[in-house]
Amino acid sequence: MSAKFRVMSIVLGLGILAVPATLFAHHGSAIYDETKGVTVHGVVTEWLWANPHCLLEFDVKDDQGKSVHWTAEVSNPPDMIARGWSRKMFKPGDEVTIIMIVAKNGEPIGRIARVTVNGKTYEGFGRVPGEGTK
Amino acid sequence: MAALHVFAILTAPLAATCLFPACTGAQTAAPKRDLSGIWEPVRALEGIQPNGALNMPADGKPEHELHYTPFGLELLKSHKSANGPNEVAPGEENDPAHICDPQGFPRENLFEVRATEIVQTPVKVIMLYTYNKVWRVIWTDGREMPKDPDPKWFGYSVGKWQDDYTFVIETNGTDERTWLDNAGRPHSEDLRVTEVFHRVDHDTLELSMTINDPKVYTKSWTALDKLRFRLKPANFELPEMMCSPSELAEYNRRHGARGTTTKK
């Protein structure tokens, strides 16, 4: 993650425990830095419930107070339904706390491992780096 | 009445723990020559198979190396997969399923295998797949396999009962534009696939699948070895999971195409 997108991040752990490769259905994981999780607090702008992967769009303020727009994916709707997610779980303006892995290339894109919205926490797509198998 | 009370008292602890098949694990007998029902892989990830055929994943291990003919090797090199150890960067892959072309057969059994409904009629077995809501027909009316058929995305399938609990399907006439699996393994129009469905018990089904394509592979290989399915309730609703070109384009615009593997 470049300084530009350092945001309010907390490195959760180092070991490569993120996700077994077998979790990924359509797309490879090589674009991500799976060695660490990044925690951000943001505001939802859009929630796309779609194939091949659902996307959450949200804004996060970085260390200088500048807003950075992020796009983060999870799996497809059937997989996320199985994890308790739904088409209506986010709406624009919702405040969210997200643990995600982010792209190696510095683009503000990621994959959500865990999200808290409206006081409820949901497991996302793949484990949080540094946490063992549940 | 008193006797009934005594019986109730004596049996109450048993009833509270386990008296019925559902909780004792005892199985209702499986119906003969019947695969009908909704079946889901016991382990979801074994159905998804992101790195290629479950029993022959493209993971670089010597035991999973396939043996190609020169023609097969050239075909393999032309397939650029976005998954597995040889994955290429987004934008460089050419997986036909990623532009919503049909997966076809046998990839339908080797990628994104989810809850699948099997319907039987007196002349055919129909498989209704969750992924992309496609179906396949397996003829059971005694016909022979077609000779030199025109290729189709899902080929031609003929099935026979080997015994009361084992159903064997042969398929040919598949379209060589499709990939065999998510790792981009190729096949030719000479491909012949053998599936063996074995109903282990009322609630359990196993699928084994063999690939035989002498034009591409120097020997046949086992793609699935007893992939295990569990019977779902009859009122289970198959989820909707479609490859939508517009959704795919939107995903790529917003996310997929921005994730090059090159570090800035």
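Rules used throughout
- Residues numbered from 1 in each chain as written.
- Chains lettered and ligands numbered in written order.
- Predicted model: local features only at pLDDT ≥ 70, side-chain atom pairs only at ≥ 80, totals over all residues.
- Helix = DSSP H or I, 4+ residues; strand = E, 2+ residues; numbered from the N terminus.
- Buried ≥ 20, exposed ≤ 12 C-beta atoms within 10 Å, placed from the backbone.
- Contact = placed C-beta atoms within 7 Å.
- Core = buried A, V, L, I, M, F, W, Y, C linked by C-beta atoms within 7 Å.
- pLDDT = per-residue confidence, 0-100.
- Pairing = 2+ DSSP bridges.

Some thoughts on the overall build of chain B
For step 1, the next point in the chain: The number of helices and strands found in chain B is 6 helices and 9 strands.
For step 2, the next point in the chain: Taken over 264 residues, chain B has a buried fraction of 34%.
For step 3, the next point in the chain: In chain B, 59% of the contacts between residues at least 6 apart in sequence involve partners at least 24 apart.

Considerations on the overall build of chain A
For step 1, the next point in the chain: The helix and strand tally for chain A stands at 1 helix and 6 strands.
For step 2, the next point in the chain: Out of the 134 residues in chain A, the part that is buried amounts to 43%.
For step 3, the next point in the chain: A sequence separation of at least 24 residues applies to 61% of the contacts in chain A between residues at least 6 apart.

Some points on the nonpolar core
Nonpolar side chains in soluble globular proteins tend to be buried together.
Residue and element names in this part refer to chain B.
For step 1, the next point in the chain: Judged by nonpolar contacts, the single largest core of 34 residues is most densely connected at Ala 53, Leu 205, Leu 207, Ala 223 and Leu 224.
For step 2, the next point in the chain: When residues of this core are traced back to their parent elements, those giving at least two are strand S1 (37-41), strand S3 (124-129), strand S6 (166-172), strand S7 (192-201), strand S8 (204-212) and strand S9 (221-232).
For step 3, the next point in the chain: Once residues lying within four places of it in the same chain are set aside, the contact partners of Leu 205 are Leu 35, Trp 39, Phe 197, Arg 199, Val 200 and Phe 229.

Quick notes on the confidence of the model for chain B
Residues and elements named next belong to chain B.
For step 1, the next point in the chain: In the predicted model, chain B carries a mean pLDDT of 89, and 87% of its residues have values of at least 70.
For step 2, the next point in the chain: Confidence drops under a pLDDT of 50 for residues 1-25, and excluding neighbours within four residues, the segment shows 6 contacts in the predicted structure.
For step 3, the next point in the chain: The ipTM value of the predicted complex is 0.78, and its pTM value is 0.81.

A closer look at the environment of Val 60 of chain A
For step 1, the next point in the chain: Among the structural elements, Val 60 of chain A can be located in strand S2 (residues 55-61).
For step 2, the next point in the chain: With 10 residues separating them in the primary sequence, Val 60 of chain A and Trp 70 of chain A have C-alpha atoms 7.3 Å apart.

What about the pairing of strand S5 (residues 156-163) of chain B?
All names here are of chain B.
For step 1, the next point in the chain: Sheet topology places S5 next to S6; 7 bridges connect them, and they run antiparallel. Its bridge partner lying in S6, Trp 161 is registered against Phe 167.
For step 2, the next point in the chain: If you look at the hairpin formed by S5 and S6, you'll find 2 residues sitting between the two strands.

Examining the pairing of strand S4 (residues 95-103) of chain A
Residues and elements named next belong to chain A.
For step 1, the next point in the chain: Where strand S1 (residues 32-48) and S4 come together, 8 bridges link them in antiparallel fashion. Looking at the pairing, Val 38 lines up with Met 100 of S4.
For step 2, the next point in the chain: Inspection of the sheet shows S4 paired to strand S5 (residues 109-117) by 7 bridges, in the antiparallel sense. Directly across from Val 102, in S5, lies its bridge partner Gly 110.
For step 3, the next point in the chain: If you look at the hairpin formed by S4 and S5, you'll find 5 residues sitting between the two strands, and Gly 106 has a positive phi there, around 90 degrees.

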